[in-house]
Amino acid sequence: MVEQANNVMTFKLLDLMKKTGYPIVQHNGQRKFGPPPDWVGPAPQRGCEVFIGKLPREIFEDELVPIFSTVGKIYEMRLMMDFSGSNRGYAFVMYSNRNEATAAVRQLNGYEIRPRRNIGVVKSVDNSRLFVGSIPKTKTKEEVHEELSKRVSGIVDIILYKNCFDKRLNRGFAFVEFTSHRAAAMARRALVPGCVKLWDQEVQVDWAEPEPEIDDEDMRRVTVLYARNFQIRTTPETIQTIFETAVENKIERVKKIYDYAFIHFYKREHAELAMAKLQNADIDGSNIEIRWAKPVNRELYRIQKQGRGNAKFNNSLDMTQTLLLYKQHLDKKEYEIGAKEDEGIGSACAGESQCCSPVDSSALRFGMPHENYTLAPAKLDAMCKRYMWAPPVYEYQKYVDPTGTEVWIGSVELPQVGLPLLSVPRCLGPLMTRACYSLQQAHVEAAEVALHSIKTEEINVIDDTQTVSDCNTFTYRTHTCGELRSVHVGKKVTLCGWVQYSRLSKFLLLRDSYGLVQCVVNDTNTDISKIPLETIIKIDGTVISRPKDMINSAMSTGNIEVVIDCLEILNSADKVPFNLRSYQKPNEQLRLQHRYVDLRFPEMQQNLRVRSAMLHNMRRFLIEQHGFVEVETPTLFCRTPGGAREFVVPTKHPELFYSLVQSPQQFKQMLMSGGVDRYFQIARCYRDETTRPDRQPEFTQLDIELSFTNLNNILTMIEELLYATFVKELPKPPFRRMTYKDAIENYGSDKPNLTYDLKLRNITQMFSDMNENFGAYALPYHNKLDKLSTKYKEKLGELRKKYNTKVVLHENIEKELGQEIKSKICSISNDTKFIIALGDAEDVCMCLGEVRETIAGLLKSKNLLEVKENVEPLWVVDFPLFVKGDNGLETCHHPFTAPHPEDMHLLDTEPLKVRSLAYDIVMNGNEIGGGSVRIHNADLQERVLKILNIDTAELSHFLNALRSGCPPHAGIALGIDRLITLACDAESIRDVIAFPKSHEGKDPLSGAPNIISDEDKKYYHINTVK
């Protein structure tokens, strides 16, 4: 009977083949009908296939083909077959185009194929995209493609998103598009985590959500562009200006979300033009990518977003499927109270994660924050970079729950959390997530857990009252004043600190280096009314919660207070020169005179800790990542000719003196000769120079020297060092470079401030019959600035004398230079005013450079000049090797700087035209550091010393070191005091140095320099001259 039925079916299928001309082939459990005999070209595109479910087991192609052919032309039908000869209850039909597939779903879903037997027809997912995680962040798209191609085939495209803050890095994951769903499935099988390693490490592989399918006709009507890879600092206004300039038309609006944006145009042709012009354009140092935004069915979006389900919006689902999806979610689990709505839990991963739902397991449930951290991993990375914490370490575990569902548990650990949260860095974590239905959700929720812990500052707090934080070890306090929180309620604590304030004989504010806490008197035996402010006390007490109406949200400890059980005065303050109140700070001279009190201000505490953290991270960068060796060099040395004025140190030997080193320059070059090829130190240096806000007689610099290198390598190293350790955001390296000549000519300074746009104009050609060194330059400024006051005119008068130039104000141009010159000046711009200077070209530029700074300050005070808030680093290169001095030629940097190879032929004949291989790093008009490629050849060094009239005998030890086989080398010194001043937004380097000198170069604490006794003078053979 069975054999007879099989024969009947065979005849029916042969008849179907004869009528249609389609072939029928059975292979690997499926029977394939098609393709059409007249089909030419590739198979239909993705999105043309439908899935048929709930098929009766006795139905075959002879019935299905006529039914599904009524909608459109079938390219292929695949019927899943059982070993018994019946079907498996489902099949796939691929149509020749997407419209026919859509029509099949609309017309045949619910079709009654047998009495009371309805089939289901939906669009086939046909997913050919995989998520690959744990990719090394330094890998490029090409490197990822190359590595994956060694293991799998059929890769069409790789989507690798750049890091939001460092465009040189990726985000640690990629989406890989394959030629077909089968190719993706085979790749997923080949890349099973734990079995295969890429780049010698395990990667995570799972299905990614496919791109939503949009009708071609709908896409042709789109007027919105999706652009990505913007810098975080790039504003929507900047984007709008750039796009409007490109199309020379107004655009509707720009919506920027983190590092990507949607640009809405009024007309599609404007969008097409913008895409053509700006594809891969450089905006704020990052190359953007542009594509058409995919339209969203707002009604579907609304339904898919409602409720508490975590289903990610999928544009390929119709209304019926959307409602079915939510029914499945609501039936599956009852979600935790207060669980967040999810706009795609993987939105931090560029919106590519799968939809997922939490497991209702009390053992695994973690109380999550109610705030919606839509970009949790990126925010956590940004926080770690900003505060120079070690990056987070993620780990994942996959298992099957009792219902048979695959779930993921994520954990995150922050190896080193420090300032501003903790004064002494320590580890946070590992912190566990609840169970998740995808790797992506586990990744995001792990980051959310860490952010929540950081926000509440409830870090590693356990019930053991003996547990203390690192900054309390080896002391008799149990906690600092700034670390107590609600989780400490009920704990017995011991605190030590200064009395900041007391009131009503009941409340006392206790301050230490880490914060403030309110303490409350609980009995009549403790009298705090007579304790002087700034007295050091020790308190034993109990932490309690403040009444709700007395919570102080302005204090980090504002939710709690400490009930005093015992108070001990450790040292009563007898005389305090000033109150420690930020709104009542004394003048700087008084603060420096009593620096031991001034250091108690929170700002000073923070500045010193930022300094310590930055130096620590610089050491880690140089030693741990790049193998440098820290070497201490002497402070007492001989005089270095050709440099700044040095301090001399007398000895007991008559007429013999040491000099305090102005830098370890000779020592570090001799270290290169000695084979210490990667040297650095945090060096104390001394120069007998006038004290300024950015300079004092003793200072600290990060001194670096490197063998077998060149100018570009040194600059790259410093860019990476600063990018990794500076607490403020810097532009992505490489930093901008400018020649010394361009800096002087355009900005009048070799350390130009690029945060505002005021450039000098060369107007020398307006004047005739002048000598070859003559120069005329104009400084343009806003015409709404009124005439300069007497104060500013006097300042210009001083600059005129200093540089021996003629300076002409705007209102005096016609009077002093004539009508013709004024007409030419006005022809440059009618709505701009000018200050003009004439004289020696370089002196004129330098003069106007100082005028530029003065005018910029005046314009800024009147809101007539836009000044950037961010730090603008700049390399100034190609300095002259020599400059004119009072007694002949002088070196621009120091005598050990190498000449530019292209100018070597001018060294003896025209030395002033020789450029050097020197470089300065400048930030916002401050010279942060300088260095050069060094002379490593003794003969060349002697030539340079002779040009400078320096006796080579004074440097015989150094020349001998060069002759002994010294390798090529280069180096740099960064001014730590200036760098920290910028990092802390301090007004002066004195605010970031514990015990600085005053503006007169004196020590206000001790009054040094002091008069020494006659006995000391005799011992050191000193006669003073009055």
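Residues numbered from 1 in each chain as written. Predicted model: local features only at pLDDT ≥ 70, side-chain atom pairs only at ≥ 80, totals over all residues. Heavy atoms only, no water.

Student: Please clarify how the overall build of the protein chain should be interpreted in this entry.
Tutor: Scanning the protein chain for helices and strands turns up 26 helices and 45 strands. Taken across its 1026 residues, the protein chain has 49% of its residues classed as buried. The long-range share in the protein chain, meaning contacts at least 24 apart out of those at least 6 apart in sequence, stands at 66%. When the accessible area of the protein chain is evaluated, it comes to approximately 51300 Å², of which 50% is carbon and sulfur surface. (Helix = DSSP H or I, 4+ residues; strand = E, 2+ residues; numbered from the N terminus. Buried < 20%, exposed > 50% of the residue type's maximum accessible area, 1.4 Å probe, protein only. Contact = heavy atoms within 4.5 Å. Areas by Shrake-Rupley, 256 points an atom, 1.4 Å probe, with all protein chains shown as cover.)

Student: How should I be thinking about the side chain of Glu872 in this particular structure?
Tutor: Relative to the elements of secondary structure, Glu872 occurs in the loop between helix H22 (841-861) and strand S40 (873-877). Within the local environment of Glu872, its side chain forms a polar contact with the side chain of Asn870, the two groups lying 2.9 Å apart. In this view, Glu872 contacts Leu754, Thr755, Val922, Met923 and Asn924; residues no more than four positions away in its chain are not counted. (Polar contact = N/O pair within 3.5 Å; in protein donor to acceptor, adjacent residues only side chain to side chain.)

Student: Help me understand the packing of helix H19 (residues 790-803) against H22 in this model?
Tutor: The axes of two packed helices give the description: the angle between them and the distance between them. Put simply, H19 and H22 touch, their axes get as near as 9 Å, and they point 160° apart. By the angle between their directions, the pair H19 and H22 is classed as roughly antiparallel. Crossing geometry of H19 relative to H22 is assigned as right-handed. Residue-level contacts link Tyr792, Lys795, Leu796, Leu799, Lys802 and Tyr803 of H19 to Asp843, Met846, Cys847, Glu850, Val851, Thr854 and Leu858 of H22. For the contact of H19 with H22, the class distribution of residues is 8 nonpolar, 1 polar and 4 charged. (Axes fitted to C-alpha atoms, helices over the stretch in contact; angles between N-to-C directions. Parallel < 35°, antiparallel > 145°, perpendicular 65-115°, else oblique. Left-handed = near helix turned anticlockwise from the far one by under 90°. Nonpolar A, V, L, I, M, F, W, Y, C, P; charged D, E, K, R; others polar.)

Student: How should I be thinking about the pairing of strand S3 (residues 49-53) in this particular structure?
Tutor: In regular strands, side chains alternate between the two faces of the sheet. Most of S3 sits inside the fold, with 4 of its 5 residues counted as buried. With 4 bridges connecting them, S3 and strand S5 (residues 87-95) associate as antiparallel partners. Across the sheet, Phe51 pairs through a bridge with Phe92, a residue of S5. Both S3 and strand S8 (residues 120-123) contribute to a ladder of 4 bridges, which runs antiparallel. Note that in S8 the partner of Ile52 across the bridge is Val121. (Pairing = 2+ DSSP bridges.)

Student: Sorry if this is basic, but what is going on with H19 here?
Tutor: Since one α-helical turn is 3.6 residues long, residues separated by three or four positions face the same way. Taking 1.5 Å as the rise per residue, H19 with 14 residues should run 20 Å; its terminal C-alpha atoms sit 20 Å apart, in good agreement. Within the span of H19, buried status applies to Leu796, Gly797, Leu799 and Tyr803. When H19 is viewed along its axis, its buried side chains cluster within an angular range of 165° and face the same direction. Seen from the buried face of H19, the exposed residues on the opposite side, beyond 90 degrees, are Thr790, Lys791, Glu794, Glu798, Lys801 and Lys802. On its buried face, H19 is in contact with strand S39 (832-840) and H22. (Expected span 1.5 Å × (residues − 1). Arc of directions from axis to C-beta.)

Student: Before we go on, may I ask you to explain a nonpolar patch on the surface in this structure?
Tutor: On the surface, Tyr596, Phe995 and Leu1005 cluster together into a nonpolar patch covering about 300 Å² of accessible area. Along the polypeptide, Phe995 turns up in the loop between helix H25 (976-984) and helix H26 (1014-1019). (Patch = residues over 30% accessible without salt bridge, like charges linked within 9 Å, V, L, I, M, F, W, Y side chains within 5 Å. Salt bridge = Lys/Arg side-chain N within 4 Å of Asp/Glu carboxyl O.)

Student: Whenever I open this one, the confidence of the model for the protein chain confuses me. Can you help?
Tutor: If pLDDT is low for a region, its predicted coordinates should not be looked at in detail. Considering every residue of the protein chain, the mean pLDDT works out to 83; 87% of them sit at 70 or more. For the stretch residues 302-374, pLDDT sits under 50, and the model shows 159 contacts to residues farther than four places along the chain or on other chains. A low-confidence stretch, residues 457-469 (pLDDT under 50), is modelled with 21 contacts involving residues beyond four sequence positions or located in other chains. (pLDDT = per-residue confidence, 0-100.)

Student: Got a minute to help me understand the environment of Phe628 in this structure?
Tutor: Along the chain, the position of Phe628 falls in the loop between helix H15 (602-625) and strand S29 (629-630). Classification of Phe628 by relative accessible area gives buried; the value is 4%. With 53 residues separating them along the chain, Phe628 and Gln681 place their C-alpha atoms 9.6 Å apart. What Phe628 contacts, discounting residues up to four positions off in sequence, is Leu622, Ile623, Arg678, Tyr679, Phe680, Ile704, Glu705, Leu706 and Met717.

Student: Would you take a moment to explain the sheet that holds strand S28 (residues 560-571) for this structure?
Tutor: In sheet architecture, strand pairing relies on hydrogen bonds along the backbone and comes in two forms, parallel and antiparallel. Around the barrel, which closes on itself, the 5 strands sit in the order S24-S25-S26-S28-S27 with mixed pairing between neighbours. Across the sheet, the axes of successive neighbouring strands diverge by a mean angle of 55°, strand direction being ignored. Pairing geometry for strand S24 (residues 492-503) and strand S27 (residues 536-545), over 7 bridges, is antiparallel. Its bridge partner lying in S27, Thr494 is registered against Asp540.

Student: Sorry if this is basic, but what is going on with the packing of aromatic side chains here?
Tutor: Each pair of aromatic rings is reported with the distance of its centres and the angle of its planes. A complete count under the given rule lists 22 aromatic pairs for this structure. Pairing Tyr90 with Phe92 gives two aromatic rings, centres 6.1 Å apart and planes at 90°, and the pair type is edge-to-face. The exposure class assigned to Tyr90 is partly exposed, which follows from its relative accessible area of 28%. The buried category is assigned to Phe92, whose relative accessible area is 16%. (Phe/Tyr/Trp six-rings, centres within 6.5 Å; stacked < 30°, edge-to-face > 60°.)

Student: Sorry, what's going on with the sheet that holds strand S34 (residues 698-707) here?
Tutor: The 8 strands lie next to each other as S29-S33-S34-S45-S44-S43-S40-S35, forming an open sheet whose pairing is mixed. Pairing within the sheet leaves two strands with one partner each, and these edge strands are S29 and strand S35 (736-739). As paired elements, strand S43 (residues 918-923) and strand S44 (residues 926-933) share 6 bridges and run antiparallel to each other. Pairing of Ile921 across the sheet is with Gly929, part of S44. Set on the sheet, H15 makes contact with S29, strand S33 (678-686) and S34; between it and S33 the angle comes to about 150°. On top of the sheet, helix H18 (residues 740-747) reaches S35 and S40; it is set at about 85° to S35, its chief contact.

Student: Is there a simple way to explain the nonpolar core in this structure?
Tutor: As a rule of thumb, soluble globular proteins bury nonpolar side chains together. Of all hydrophobic cores here, the largest spans 66 residues; its most connected members are Met614, Leu702, Ile704, Ile718, Leu722, Trp875 and Tyr919. If you tally residues by element for this core, the top one is helix H17 (residues 711-725), at 8 residues. If near-sequence neighbours (up to four positions away) are discounted, Ile718 is found in contact with Ile704, Trp875, Ile972 and Leu974. (Core = buried A, V, L, I, M, F, W, Y, C linked by side-chain atoms within 4.5 Å.)

Student: Please clarify how the side chain of Asp512 should be interpreted in this entry.
Tutor: Its place among the elements puts Asp512 in strand S25 (residues 507-512). One buried charge, Asp512, has no salt-bridge partner; the nearest side chain with opposite charge is Arg477, at 4.4 Å. Polar side-chain contacts of Asp512 include one of 2.8 Å to the backbone nitrogen of Tyr514. Residues within four places of Asp512 in sequence aside, it is in contact with Arg477, Thr480, Cys481, Gly482, Cys496, Gly497 and Trp498. (Lys, Arg positive; Asp, Glu negative; His and termini not counted.)

Student: Honestly, the environment of Pro586 in this entry has me stumped. Any pointers?
Tutor: Considering the arrangement of structural elements, one finds Pro586 in the loop between S28 and helix H13 (588-593). Sequence separation between Pro586 and Asp598 is 12 residues, and the spatial gap between their C-alpha atoms is 9.5 Å. With sequence-adjacent residues up to four places away left out, Pro586 is seen in contact with Phe578 and Arg591.

Student: Is there a simple way to explain the packing of helix H16 (residues 665-673) against helix H24 (residues 956-963) in this structure?
Tutor: With their axes 9 Å apart at the nearest point, H16 and H24 run at an angle of 25° to one another. With respect to their mutual orientation, H16 and H24 come out roughly parallel. Considering the relative orientation of H16 and H24, their crossing is left-handed. Together, Gln666, Gln669, Met670 and Ser673 of H16 and His957, Phe958 and Ala961 of H24 make up the contact between the two elements. Class assignment of the residues belonging to the contact of H16 with H24 gives a composition of 3 nonpolar, 4 polar and no charged.

Student: Help me out: how do you make sense of H17 in this one?
Tutor: Under the 1.5 Å per step criterion, the end-to-end length of H17 is 21 Å for 15 residues, consistent within 8% with the ideal 21 Å. The complete set of buried residues in H17 reads Leu711, Ile714, Leu715, Met717, Ile718, Glu719, Leu721, Leu722, Tyr723 and Thr725. At the N-terminal end of H17, a side-chain oxygen is found 3.3 Å from the backbone nitrogen of Asn712, two or three residues along, and the residue is Asn710.

Student: Explain unusual backbone geometry to me, please; I cannot follow it from the model alone.
Tutor: Negative phi values dominate among residues other than glycine, just as trans dominates among peptide bonds. Between Gly34 and the following residue, Pro35, the backbone shows a cis peptide bond with an omega angle of 5°. Among the secondary structure elements, Pro35 is positioned in the loop between strand S2 (30-33) and S3. The linkage connecting Pro733 with the following residue, Pro734, adopts the cis geometry, with an omega of 5°. Looking at where Pro734 falls in the secondary structure, it is placed in the loop between H17 and S35. A positive phi angle, close to 65°, is found at Glu655, a residue other than glycine. By the secondary structure assignment, Glu655 is in the loop between strand S31 (648-650) and strand S32 (657-660). With a phi close to 55°, Asp985 is a non-glycine residue in the positive phi region. Residue Asp985 is classed as exposed on the basis of its relative accessible area of 60%.

Student: What am I meant to see in the pattern of salt bridges here?
Tutor: Side chains bearing opposite charge may pair, as long as their charged atoms lie close to each other. Counted under the stated rule, the structure contains 46 salt bridges. Of the charged contacts in the structure, one is a salt bridge between Glu705 and Arg934, with a shortest N-O distance of 2.8 Å. Within this pair, whereas Glu705 is found in strand S34, its partner Arg934 is found in the loop between S44 and helix H23 (938-947), the two being separated by 229 residues in sequence. Assessed through its relative accessible area of 0%, Glu705 is described here as buried. With its nearest N and O atoms 3.4 Å apart, the salt bridge here joins Lys824 to Glu820. On the criterion of helical spacing, the pair formed by Lys824 and Glu820 is a turn pair, its members being 4 residues apart in helix H21 (residues 819-828). Residue class for Glu820 comes out exposed when judged on its relative accessible area of 56%.

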